[in-house]
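One letter stands for each residue in the lines below.
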Amino acid sequence: MVMGLKKVISFLLMVFTLMVTGSGCWNYREIDKLTIVTGAAVDKAEDTGKYIVTVEAIEIQPGAQDVETTSRVLSSEEQTIFYAIRNLAKHTGERLYWSHAKTVIISRELANEGLLPVIDLIARDQETRFSMLLYISDKKTAKEILEANDVPSDNVSYFLAELKNLKSTIPEYPTTTIKSFVLDVNEEGVEPLIPVVCITENNGESIPNIKGSVVFKKDKAIGYLNEIDTRTVLLIKNEIKGGVIVHNIDEEKETKKLTLEIFKNKTKIIPRYVDGEVMIEVKMETNVSIAEMTGEIHVTTEKEYFALKESIEDQIEKQCRETIKRVQKEYGSDVFGFGREIKARMPKIWKEIGTEWDDRFKDLKVSVESNIQIRNTALLREPIEKLTR
C-alpha cells in the first residue's frame, strides 16, 4: 500500500512538472502550491447544524533527488457543504486539487437524513470523480476515521481504497462508488448498500477497518447488516468470486470445522410467475476446495463426498434464507435486486406490481438452491494432526 501511494505521488509530480514546463497550458499551477486531496469526511455539528467538511490532503514538496510529502487533516465548518469545501483553502493558501481523491466518509446522522444532497455538492466540483468510494462511519463523526494515524501508508483514504483489493479474498463488504450509489437510488427494484468503516484497536494502534454495511431505502440509511449477512447478500447478488466458507459439523463430542476456499461462484436470480403470484428462485453454483480441517473428517469415498456436499449446501441455503427473511421483515429494502430482475425479465408483470414493490417485497417468496463442487478431496485423506500422532 505504501508503494501504491508513492507511485501515485511520483505520477502526479511528473504530470505537474510537465504542466509547469509546458508552454501555453491553460490550467497552469505552481507545483509547490498544490495540495492534493486524497479523501473527505462529512459531518453535521449537533449544536449549530452546520456542515463540517474534513479532508485528508498530501502536500508535495519537490526535492533535488526525491519527492517529499506530508499528510494533513483539515476541517472547515460552514452553513453549506460547498462553502465549507471552498473555505478549506484558508488552511493552505491555495485551492485544493481533488482529481485523485479516493474516498468519501459520511456520518451516520447525515446518512439517515439522505445522501443525495451531500453527494451532489461534492460531485459538483469539476475535479472530483464519480469513482470515489463511499463509506459510512460507525463512529460518532466521520472525521474520526480520517484522524486514525496508524495505517501502513500514512494515508487513511488511500489505505481504505486499497482494502477493496482484498474483496476477492475477504468478501465481507460491498464496493460502493458515488456512481453506483446514484444508479441504485434511481433504478427501480433495487436499493443501495454502503460499507461501514470503523476503528479497530490492535496492540495500541488505531487502524481503520471495514465491517458490514448500511442498508438504504433510496438515499436514506435505515439499518445495518453484519459481516455474515453482508457477505450473504453479495453471494446472492453474484458479487462473490472468492473467499472462504467455514463449515461446522456438529457431533456429540465435538464440533468439527472445515474451511473451504471459493474458487468460482455463479449465482442466478430467476423470477417466476406461478398461479398469479411472483416468486424468486436463487440458484448458486460454487466451486471450492478444502483449505483446512480440524478433527477427523473423511471425504475419500463417494458416500462421504456426497454427505459432506449436502451438509455444506444445507448450511449455505439456510444462511441465505435467514438473511433474506431478516432484510424483508426488519428493513423491507430490496438490496438483493430481486425487483430489478423481475422488471428486466417480466416487464409486463412489473408494470402491474412495480408501484407496490416496497410492500410486495416484504412477503416475496424466495427459494434458494446451492450446488457445491468440492475439488481435490482425495489429496488429503486425513488431517495432518492424526498422521503425526
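Residues numbered from 1 in each chain as written. Predicted model: local features only at pLDDT ≥ 70, side-chain atom pairs only at ≥ 80, totals over all residues. Heavy atoms only, no water.

Draft legend 1. Seen up close, helix H8 (residues 178-186). If you check which residues of H8 are buried, you get Ile-178, Phe-181, Asp-184 and Val-185. Taken around the axis of H8, the buried residues stretch over an arc of 135 degrees, which confines them to a single face. Exposed positions of H8 whose direction lies more than 90 degrees from the buried face are Lys-179 and Asn-186. In this structure, the buried side of H8 is in contact with helix H5 (116-123), strand E6 (133-137), strand E7 (193-202), strand E8 (205-217) and helix H11 (338-345). (Buried < 20%, exposed > 50% of the residue type's maximum accessible area, 1.4 Å probe, protein only. Helix = DSSP H or I, 4+ residues; strand = E, 2+ residues; numbered from the N terminus. Arc of directions from axis to C-beta. Contact = heavy atoms within 4.5 Å.)

Draft legend 2. Representation of the confidence of the model for the protein. Residues with a pLDDT of 70 or more make up 85% of the protein, whose mean pLDDT is 85. Confidence scores differ between elements of the protein, with helix H14 (residues 384-387) showing the lowest mean pLDDT of 48 and H11 the highest of 98. Per-residue pLDDT stays below 50 along residues 16-28; that stretch engages in 12 contacts with residues further than four places along the chain or on separate chains. (pLDDT = per-residue confidence, 0-100.)

Draft legend 3. Local environment of unusual backbone geometry. At Lys-218, a residue that is not glycine, the phi angle is positive and equals roughly 60 degrees. Within the fold, Lys-218 resides in the loop between E8 and strand E9 (220-225). Here Lys-218 falls in the partly exposed class, since its relative accessible area comes to 39%. Its identity as a non-glycine residue notwithstanding, Asn-238 has a phi of 65 degrees, on the positive side. If you trace the backbone, Asn-238 turns up in the loop between helix H9 (227-236) and strand E10 (244-250).

Draft legend 4. Representation of the sheet that holds strand E12 (residues 277-294) in the model. Taken together, the 4 strands give an open sheet; going across it, the order is E10-E11-E12-E13, and neighbouring strands pair in mixed fashion. Where the open sheet ends on each side, the last strands, each with one partner, are E10 and strand E13 (365-375). Ignoring strand direction, the axes of neighbouring strands in this sheet form an average angle of 40 degrees. Where strand E11 (residues 255-274) and E12 come together, 17 bridges link them in antiparallel fashion. Within the sheet, the bridge partner assigned to Glu-261 lies in E12 and is Ser-289. Strands E11 and E12 of the sheet are contacted by H9, whose axis makes an angle of about 50 degrees with E11. (Pairing = 2+ DSSP bridges. Axes fitted to C-alpha atoms, helices over the stretch in contact; angles between N-to-C directions.)

Draft legend 5. A look at the nonpolar core. Membership of the largest hydrophobic core comes to 45 residues, with the highest contact counts inside it found for Phe-336 and Phe-338. If one sorts the elements of this core by residue count, helix H10 (residues 302-330) sits on top with 7 residues. The contacts of Phe-336, once residues within four sequence positions are left out, are Val-233, Ile-236, Lys-237, Ile-269, Thr-323, Ile-324, Val-327 and Phe-361. Counting residues in hydrophobic clusters, the runner-up holds 33 residues, among them Val-37, Ile-119, Ile-178 and Phe-181. (Core = buried A, V, L, I, M, F, W, Y, C linked by side-chain atoms within 4.5 Å.)

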